[in-house]
Amino acid sequence: MVVPGGAARPLPRGPARPLPLAARGGARRRRCCRARHVTRGGAMALREPGPCSGGSGDGGGGAGAGGGQDAEPCLALLPWDRFSAWLHCVCVVGFDLELGQAVEVIYPPHSKLTDKEKTSICYLSFPDSNSGCLGDTQFCFRFRRSPGRKVSLCCFLDQLDRDLPVYLKKDPAYYYGYVYFRQVRDKSLKRGYFQKSLVLISKLPYVHLFRTVLKQIAPEYFEKSEAFLEAVCSDVDRWPPPIPGEILHLPIMGIIMKLRIPTYRDKPGTTQIVQNMHQANAQISMALPTVHEVDLFRCFCPVFFHIQMLWELVLLGEPLVVMAPSPSESSETVLALVSCISPLKYCSDFRPYFTIHDSEFKEYTTRTQAPPSVILGVTNPFFAKTLQHWPHIIRIGDIKLPGDVPKQVKVKKLKNLKTLDSKPGVYTSYKPYLNKDEEIVKQLQKGVQQKRPTEAQSVILRRYFLELTESFIIPLERYVASLMPLQKCISPWKSPPQLRHFSQDEFMKTLEKAGPQLTSGLKGDWIGLYRHFLKSPNFDGWFRSRQKEMTQKLEALHLEALCNENLVFWSQKHTEVETVDLVLKLKNKLLQADREHLPVKTDTLKKLQAHIHDIILALPDDLQDILLKTGTT
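Residues numbered from 1 in each chain as written. Predicted model: local features only at pLDDT ≥ 70, side-chain atom pairs only at ≥ 80, totals over all residues. Heavy atoms only, no water.

K.L.:
So what exactly am I meant to see when it comes to a negative patch on the surface here?
P.N.:
Together, Glu576, Asp621, Asp622 and Asp625 line one region of the surface with negative charge. When residues in the negative patch are grouped by element, the largest group, 3 residues, is from helix H20 (residues 621–628). Mapped onto the elements, Asp625 comes out in helix H20. (Patch = residues over 30% accessible without salt bridge, like charges linked within 9 Å, V, L, I, M, F, W, Y side chains within 5 Å. Areas by Shrake-Rupley, 256 points an atom, 1.4 Å probe, with all protein chains shown as cover. Salt bridge = Lys/Arg side-chain N within 4 Å of Asp/Glu carboxyl O. Lys, Arg positive; Asp, Glu negative; His and termini not counted. Charge placed at Lys NZ, Arg CZ, Asp CG, Glu CD. Helix = DSSP H or I, 4+ residues; strand = E, 2+ residues; numbered from the N terminus.)

K.L.:
Can you help me understand the nonpolar core in this one?
P.N.:
Burial of nonpolar side chains together is a common tendency in soluble globular proteins. Within the largest apolar cluster, 107 residues are counted, with the highest numbers of intra-cluster contacts made by Trp86, Leu209, Phe300 and Leu476. A per-element tally of this core places helix H13 (residues 454–481) first, with 10 residues. Apart from the residues within four sequence positions on either side, Leu209 is in contact with Trp86, Leu250, Met257, Leu259, Leu288 and Val291. In terms of nonpolar packing, the next biggest core, distinct from the first, is built from 23 residues, Leu559, Trp570, Leu590 and Leu605 among them. (Core = buried A, V, L, I, M, F, W, Y, C linked by side-chain atoms within 4.5 Å. Buried < 20%, exposed > 50% of the residue type's maximum accessible area, 1.4 Å probe, protein only. Contact = heavy atoms within 4.5 Å.)

K.L.:
Would you mind showing me how to read the sheet that holds strand E1 (residues 89–96) here?
P.N.:
Sheet strands line up and pair through hydrogen bonds in the backbone, either parallel or antiparallel. Pairing in this open sheet of 5 strands is antiparallel, and the strands run E2-E1-E5-E4-E3 from one edge to the other. Looking at strand neighbours, the two that pair on one side only are strand E2 (100–107) and strand E3 (135–144), the edges of this open sheet. Neighbour-to-neighbour, the strand axes of this sheet turn through a mean angle of 25°, independent of strand direction. Bridge analysis of E1 against strand E5 (residues 193–202) gives 6 bridges, and the strand direction is antiparallel. Residue Gly94 lies in a different strand from E5, and its bridge partner there is Lys196. (Pairing = 2+ DSSP bridges. Axes fitted to C-alpha atoms, helices over the stretch in contact; angles between N-to-C directions.)

K.L.:
Honestly, the sheet that holds strand E11 (residues 374–378) in this entry has me stumped. Any pointers?
P.N.:
In spatial order, the strands read E10-E11-E9-E12-E13; together these 5 strands make up an open sheet with mixed pairing. Two strands close off the open sheet at either side, each with one partner strand: strand E10 (349–351) and strand E13 (425–428). Strand-to-strand twist of the sheet, defined as the mean angle between neighbouring strand axes without regard to direction, takes the value 15°. Where strand E9 (residues 320–323) lies against strand E12 (residues 392–395), 3 bridges are found, and the strand directions are parallel. The residue of E12 that forms the bridge with Val322 is Ile394. On top of the sheet, helix H9 (residues 327–339) reaches E9, E10, E11 and E12; it is set at about 160° to E11, its chief contact.

Here is the structure:
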């Protein structure tokens, strides 16, 4: 990006020693986000942003200025911008005998949380008293952000979201909380126990990454307290931006974590291995195989005879409750359920850990209306009674590494679920649309007998879910692609044509010859499954996304058609009023291309900008002056 009137200057690097947090917060409040600026008479500057820091950091905990790559899009980065790209804040939640759970510390101090958000964090950061979590426990939760909050993230960093797979895109309405909870006996305290949680609040669903970060920093924090936490935040503020597709080096308290965030261009089901390289400066390097995945087989082991039915329930957006003995088990199982329909995005609400103090408790437990499309993870025995009217309940025991072959458990009737002491299993009256796939069950059982590593079992299970989801979604993709107008219908002198309307009956007719039977051997009522899916929030979210992509593609093709016309010759054949109208419309097209991130090549935008410039120069001087001061030229 070129900033008008200014030369390129180097990126601000993280300080060698942490600045006082309060002082650094002031710089953030003075932020001037310039990532969308364009040069006078030039093309849009951010159509194809450079990789910013190259993802490599500096290998030794520095700011990672990019190894010589184009860093221009990051000119506006100020202290705490890098931190904010990954985390909103870090909280310490303790237990007060008089107040109960309370937020003791928020870093950085300028981080803004409403009272409602603080209350949510307090209650969600501690396990329920019945869980009996002694020692150290890790889990995560998800809660609604307060409405009306302004997005504080730098524009360039926010744009990185568009390169992510749809299931990893941030949901601006929610925060994730990643928790490291410690409860140990301490006779010096009145309560007799030390109870405290270190919580990372982020908009990013990178479960494995933040779990790893907490494992590295939390035990030491409980020994060293606030000065250590300030140093941790300073390290995070030197991380390179979370650029999808780059190998990122993230320094954290003497360790370099190496990882790669997936992109939407990656082939589903593939993972690029991040190799551990020898560090010249003797720092320890740790390669993370994933940023977001959970141990799928470990989570589904208690109910893996029913994995295909659970896949259907998640696909259809059915209300689901996971009842578990601790927030660790509940949160991992909910995240596993949400991920089982990948690469489709689960479009309804899900709460890996949900308590009776949650602000949505009444909304989600009322009996006056049908249960909403949501997946809840709970541990409080009170929910066994409160959620008895929910149609699908998964009861799991302690998740352990499977050593024995699990016994086949029949689907249980809901009336048999009285308390959380009920036996593990799936309680539902739902009848699956598809016949049961016995092969995957046998394959996983054989793996348990042969003591196959749980990581390998998870790979098998993830591939099974992926192939099942792709077999289901390919016919829909094929039909929706046919709704796109032909390119010959696009005229530069008319508005872009509209997509054809989605017809359920028309789609169903295509399934006879081009249905899931082409890629899946599973038998069953596929038609019934599709009819149910077309009424679900997951279809609505998927179709809206595809509709947006195709509409933007039509706009991009319309821009290309305009560029291929001799617009100067056209203007010479028309009146000044018509020519001025054309110029203004073309300028609006350029602004739209930048605002909506249309899939247009930079050369196309430059060519259109040149057309506008040439048309203006052919007009009288007074009109030139007005048009040159208007819009993007």
